[in-house]
Number of protein chains: 4
Amino acid sequence: MSNKYEEIAQAAIKLFEQKGYHATSVQDIADEVGLQKGSLYHYISSKEELLMKITQQSISGFNRRLEKIIETQVSAKDRLILAIQNHVVSVAANLEMTTVLLREALSLEPEHHTVIKNETDRYLSLWAQIIDEGVKAGEFKPGNSRLIALAILGSCNWVYRWYQEGGKLTPEEIGSYFAHIFIDGIKK
Amino acid sequence: MSNKYEEIAQAAIKLFEQKGYHATSVQDIADEVGLQKGSLYHYISSKEELLMKITQQSISGFNRRLEKIIETQVSAKDRLILAIQNHVVSVAANLEMTTVLLREALSLEPEHHTVIKNETDRYLSLWAQIIDEGVKAGEFKPGNSRLIALAILGSCNWVYRWYQEGGKLTPEEIGSYFAHIFIDGIKK
Amino acid sequence: MSNKYEEIAQAAIKLFEQKGYHATSVQDIADEVGLQKGSLYHYISSKEELLMKITQQSISGFNRRLEKIIETQVSAKDRLILAIQNHVVSVAANLEMTTVLLREALSLEPEHHTVIKNETDRYLSLWAQIIDEGVKAGEFKPGNSRLIALAILGSCNWVYRWYQEGGKLTPEEIGSYFAHIFIDGIKK
Amino acid sequence: MSNKYEEIAQAAIKLFEQKGYHATSVQDIADEVGLQKGSLYHYISSKEELLMKITQQSISGFNRRLEKIIETQVSAKDRLILAIQNHVVSVAANLEMTTVLLREALSLEPEHHTVIKNETDRYLSLWAQIIDEGVKAGEFKPGNSRLIALAILGSCNWVYRWYQEGGKLTPEEIGSYFAHIFIDGIKK
DNA sequence: CATGAATGAGCCTTCATTCAT
DNA sequence: TATGAATGAAGGCTCATTCAT
């Protein structure tokens, strides 16, 4: 996993985000890093492997960070707030990679797609776990924790579709606002 | 816009949803409707036009329905509830077409993409408008209405990624639950 | 299996014989029939399929003809003579196709290769059967019929490596001579 | 011609036999000897040169051995028997190399191919010479010595296509049997 | 001697689109 | 309308060979 591989992966992330996986040719990636098309294959074994590794890395990061938050010794409510803030901030900080994960995972071959799907399902379960613990602790109303998790994840993931660096709000502010919405609701 | 065109569009929707736009060949569509590849071109002018019309139709539907809800003579809160329920139910009822809209719009040529983008922006504005009216009416807390709209839309759009017909909850129930979450929050 | 397919197959046979399967590109075949490379794929599904069909057709012909000879109501000796003459004449008459069969079969994918291998094994068994019947009838000395068949087939197949149209001897003469050698030997 | 070259040549023989010349990559050979692809080129000048040297060595061996047999002071018949036995035993003893010679020679560039072709023609002439001498000595019937040589060579070469070590018959037994067939024929 | 990065040409195949029939 | 032959560009990938280190 040389330095050059990292360069290639970065080029791929950028191009996959800009044009989409299918619309990005290996030639495009080669041009971006200043190599011949064939030379790329010293570093990668296929275009799809590139996509796989990118999505893998992305979802792993999300899982790792959420696990850390879950271990935190604060109230469930605070853990949920942290999780929301962290997710939104991560999406913004890794906008291209997250976009590739959320938009291109289904371009993976079935077997690779399954791997990502499983990690994604696990991520959802971790969110539901936080909510369940909040209910158990009497911090949240009893409810369908998986459905709540899906609502929260929907909002937080969607950020990749509209967030722009340099906008009026920082990712931290967006995250806080979202946490506030989910916890307190919007009614007066 | 003959009857045959509708048949072709339906086939395209189904296949674009199943395999993705790029992975669906014109041959696939022809096979699905029982025509030869060449014959399709009596009805369509290009594969991309098919995608354009599908996404166009989908976003138009969302806008049309939301406009109708906005005109309803009930409280802002009830209009928001209606809007959420309606959106979720529509996603579920037109799962394939909505998936194509939300997932494949960026496969459109830039000029077409812009058209869809504009209608999508308009849809967001309509949501923000409802929220603003709720705030003005004292029903909702003052806040960043566009951000709230993005949160709600994120949750509601995301449904296309996980909803499955025949699941435990009906689309109506999911919509109600989501409305409840956003209006009341999840804290006890 | 249009007329054009036959044209393509003929071109392939000619080129595979001249340059070998691997050294023949799809471009070469396309050039030979005056089509674009991509246009070939209206008629074939892959280059390998072309090789498969050619070898299949070739070995089938050999089996079919030998079966007919076996059914002939003449002495085993005469059937063997007929078989040798027929094989040599067939090799000469279908020199290119036979060359492809005998030289390129191992370029087939394992699964296709197995099919050809099985038919080839069957061909050998038919030869051994003739010899066994000759032994039983007291026309041939008892012996290892399979080994004798391999000796005869070796000589007769090898013809593809040296036969040239317009040479001093006709295929019929070569066949007769070979039959004579195997039946009578060369000693005075 | 270092020791390493011999190692590389052996690897090439093995791989060319197993997968065919075209299907064997320089990488395959490098892997087999535990070198990097680029390092091979300290020992060889091209992949084709490797094939050339292998086939050269193989055909030279056949010619050398046959010349020695021709010089033997025994009857023509015995010399023929020796030649057949020797050829079959050599094929079996150098199965891989012989396979490469007989199967891959046409993968050589035209100029190299010509060299091998000439040595092969010479080999055939040596066989015909033995037969001619047998005829002159009254041991064999008068006949087309070249055609007889081709028949014998066909049988004996073909052995490379079916011989398997550890079979029921030893190469010596096969050679003797073949000699017997050609000299005496199979008729009772 | 050995490495491994890089080349550049070539390979088989796919595909949206056109058009004569 | 419908066909299906044909196009031509592009795609992902392989590979023998070179060369600076």
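All values derive from a computational prediction rather than experimental measurement.

Reading the values: rules and limits
- Residues numbered from 1 in each chain as written.
- Chains lettered and ligands numbered in written order.
- Predicted model: local features only at pLDDT ≥ 70, side-chain atom pairs only at ≥ 80, totals over all residues.
- Heavy atoms only, no water.
- Near = heavy atom within 4 Å.
- Polar contact = N/O pair within 3.5 Å; in protein donor to acceptor, adjacent residues only side chain to side chain.
- Helix = DSSP H or I, 4+ residues; strand = E, 2+ residues; numbered from the N terminus.
- Domains from an automatic or database assignment.
- Contact = heavy atoms within 4.5 Å.
- Buried area = accessible area lost by both parts, 1.4 Å probe.
- Least-squares fit on C-alpha atoms with pLDDT ≥ 70 in both.
- Axes fitted to C-alpha atoms, helices over the stretch in contact; angles between N-to-C directions.
- Parallel < 35°, antiparallel > 145°, perpendicular 65-115°, else oblique.
- Left-handed = near helix turned anticlockwise from the far one by under 90°.
- Nonpolar A, V, L, I, M, F, W, Y, C, P; charged D, E, K, R; others polar.
- UniProt positions renumbered as here; feature names shortened; annotations may be inferred.
- Salt bridge = Lys/Arg side-chain N within 4 Å of Asp/Glu carboxyl O.
- Buried < 20%, exposed > 50% of the residue type's maximum accessible area, 1.4 Å probe, protein only.
- Phe/Tyr/Trp six-rings, centres within 6.5 Å; stacked < 30°, edge-to-face > 60°.
- Lys NZ or Arg CZ within 6 Å of the ring centre and 35° of its normal.

## Some details on the protein's contact with DNA strand F
Logical step 1: What surrounds DNA strand F is a group of 29 residues, the closest being A:Tyr41, B:His42, B:Tyr43, C:His42 and C:Tyr43.
Logical step 2: Within 4 Å of the protein, atoms of DNA strand F come from sugar and phosphate in 58% of cases.
Logical step 3: Contacts to DNA strand F include A:Val26, whose backbone N or O atom sits 2.9 Å from a phosphate oxygen.
Logical step 4: At the level of elements, helix H3 (37-40) of chain B together with helix H3 (37-40) of chain D are the ones that each hand at least two residues to the surface near DNA strand F.

## A look at the domain arrangement of chain A
Residue and element names in this part refer to chain A.
Logical step 1: Domain annotation of chain A identifies domain 1 (1-44) and domain 2 (47-184).
Logical step 2: Here the C-alpha centre of domain 2 lies 27 Å away from the C-alpha centre of domain 1.
Logical step 3: On the side of domain 2, 14 residues touch domain 1, which itself brings 16 residues to the contact.
Logical step 4: Both faces considered, domain 1 and domain 2 share a buried interface measuring about 1500 Å² in area, 66% of it formed by carbon and sulfur atoms.

## Considering the relation of the copies chain A and chain B
Logical step 1: With an RMSD of 0.2 Å, the operation that places chain A on chain B is a rotation of 179 degrees combined with a shift of 0.0 Å along the axis. Put plainly, the chains are arranged around a two-fold axis. Minimal C-alpha distance to the rotation axis in chain A is attained by A:Gly185, lying at 1.7 Å.
Logical step 2: When the interface residues of chain A are mapped onto chain B, 97% of them again lie at the interface, so the same face is used by both copies.

## A look at the packing of helix H3 (residues 47-71) of chain A against helix H4 (residues 76-93) of chain A
Residues and elements named next belong to chain A.
Logical step 1: Where H3 meets H4, the axes come as close as 10 Å, and the angle between the chain directions of the two elements is 155 degrees. With respect to H4, the element H3 is oriented roughly antiparallel. Here the hand of the crossing between H3 and H4 comes out right-handed. Residues Phe62, Arg65, Leu66, Ile69 and Ile70 of H3 lie in contact with H4, whose contacting residues are Arg79, Leu82, Ala83, Asn86, His87, Ser90 and Val91.
Logical step 2: When its residues are assigned to classes, the contact of H3 with H4 shows seven nonpolar, three polar and two charged.

## Some remarks on the relation of the copies chain C and chain D
Logical step 1: Structural alignment of chain C on chain D gives an RMSD of 0.2 Å, achieved by rotating through 179 degrees and translating 0.0 Å along the axis.
Logical step 2: Comparing interface residues between copies, 97% of those in chain C also sit at the interface in chain D, which points to an isologous, same-surface contact.

## Some words on the UniProt feature "DNA-binding region" (unreviewed entry) in chain A
Logical step 1: UniProt tags residues 25-44 of chain A as "DNA-binding region" (unreviewed entry).
Logical step 2: Taken end to end, residues 25-44 of chain A is 40% helix and 0% strand, and its first and last C-alpha atoms sit 14 Å apart.

## Here's the deal with the interface of chain A and chain B
How big an interface is tends to be expressed through the accessible area that disappears when the partners come together.
Logical step 1: Between chain A and chain B, the residue contacts involve 35 residues of the former and 35 residues of the latter.
Logical step 2: Interface area for chain A against chain B, summed over the two sides, is near 3800 Å², with a carbon-plus-sulfur share of 67%.
Logical step 3: Among the residues of chain A in contact with chain B, A:Lys141, A:Trp158 and A:Ile186 are the three that bury the most area, contributing 19% of the side total.
Logical step 4: In this structure, the connection of chain A to chain B is made through two salt bridges.
Logical step 5: Linking chain A to chain B there are 19 residue pairs in polar contact (both at pLDDT 80 or more).
Logical step 6: In terms of residue count, helix H7 (residues 145-162) of chain A provides more of the side of chain A that touches chain B than any other element does, 10 residues in total.
Logical step 7: Of the residues that constitute the side of chain A that touches chain B, the class distribution is 19 nonpolar, nine polar and seven charged.

## Comments concerning the side chain of A:Arg79
Residues and elements named next belong to chain A.
Logical step 1: If you trace the backbone, Arg79 turns up in helix H4.
Logical step 2: Overall, the relative accessible area of 11% leaves Arg79 in the buried class.
Logical step 3: Ignoring any residue separated from it by four or fewer positions in sequence, one finds Arg79 in contact with Ile69, Ile70, Thr72, Val74, Ile130 and Glu133.

## Quick word on the protein's contact with DNA strand E
Logical step 1: Taken together, the neighbourhood of DNA strand E is formed by 29 residues, with A:His42, A:Tyr43, C:Tyr41, D:His42 and D:Tyr43 sitting nearest.
Logical step 2: For DNA strand E, the fraction of atoms within 4 Å of the protein that belong to sugar or phosphate moieties is 54%.
Logical step 3: Between DNA strand E and C:Tyr41 there is a distance of 2.4 Å, counted from a phosphate oxygen to a side-chain nitrogen or oxygen.
Logical step 4: Between DNA strand E and D:His42 there is a distance of 2.4 Å, counted from a base nitrogen to a side-chain nitrogen or oxygen.

## Some details on the pattern of salt bridges
When the charged atoms of two side chains lie near each other, side chains of opposite charge can form a pair.
Logical step 1: Summed over the entire model, instances satisfying the criterion amount to 32 salt bridges over all chains.
Logical step 2: Residue C:Asp121 pairs with C:Lys117 through a salt bridge whose shortest N-O separation is 3.3 Å. Of this pair, C:Asp121 and C:Lys117 both sit in helix H6 (residues 110-136), separated by four residues, roughly a single helical turn.
Logical step 3: Take C:Lys117: its relative accessible area is 41%, and that puts it in the partly exposed class.
Logical step 4: Two residues, D:Glu104 and D:Arg103, come together in a salt bridge whose shortest N-O distance is 3.1 Å. Each member of the pair, D:Glu104 together with D:Arg103, is buried.

## Let's talk about the environment of C:Val33
All names here are of chain C.
Logical step 1: Mapped onto the elements, Val33 comes out in helix H2 (residues 26-33).
Logical step 2: Exposure remark for Val33: the relative accessible area of 10% places this residue in the buried category.
Logical step 3: Separated by 18 residues in the primary sequence, Val33 and Leu15 place their C-alpha atoms 11 Å from one another.
Logical step 4: Once residues lying within four places of it in the same chain are set aside, the contact partners of Val33 are Glu7, Ile8, Ala11 and Leu40.

## What to know about the packing of aromatic side chains
Logical step 1: This structure, assessed with the given rule, holds 18 aromatic pairs over all chains.
Logical step 2: Both rings, one in C:Trp162 and one in C:Phe178, keep their centres 6.5 Å apart while their planes meet at 50 degrees; by these two values the pair is tilted. Here C:Phe178 lies in helix H8 (residues 171-184) and C:Trp162 lies in helix H7 (residues 145-162), a separation of 16 residues in the sequence. With respect to burial, C:Trp162 and C:Phe178 carry one shared label: buried.
Logical step 3: An aromatic cluster of three or more residues is present, and its members are A:Phe62, A:Tyr123 and A:Trp127.
Logical step 4: Positioned above the aromatic ring of A:Tyr21, the side-chain terminus of A:Lys47 is 4.4 Å from the ring centre.

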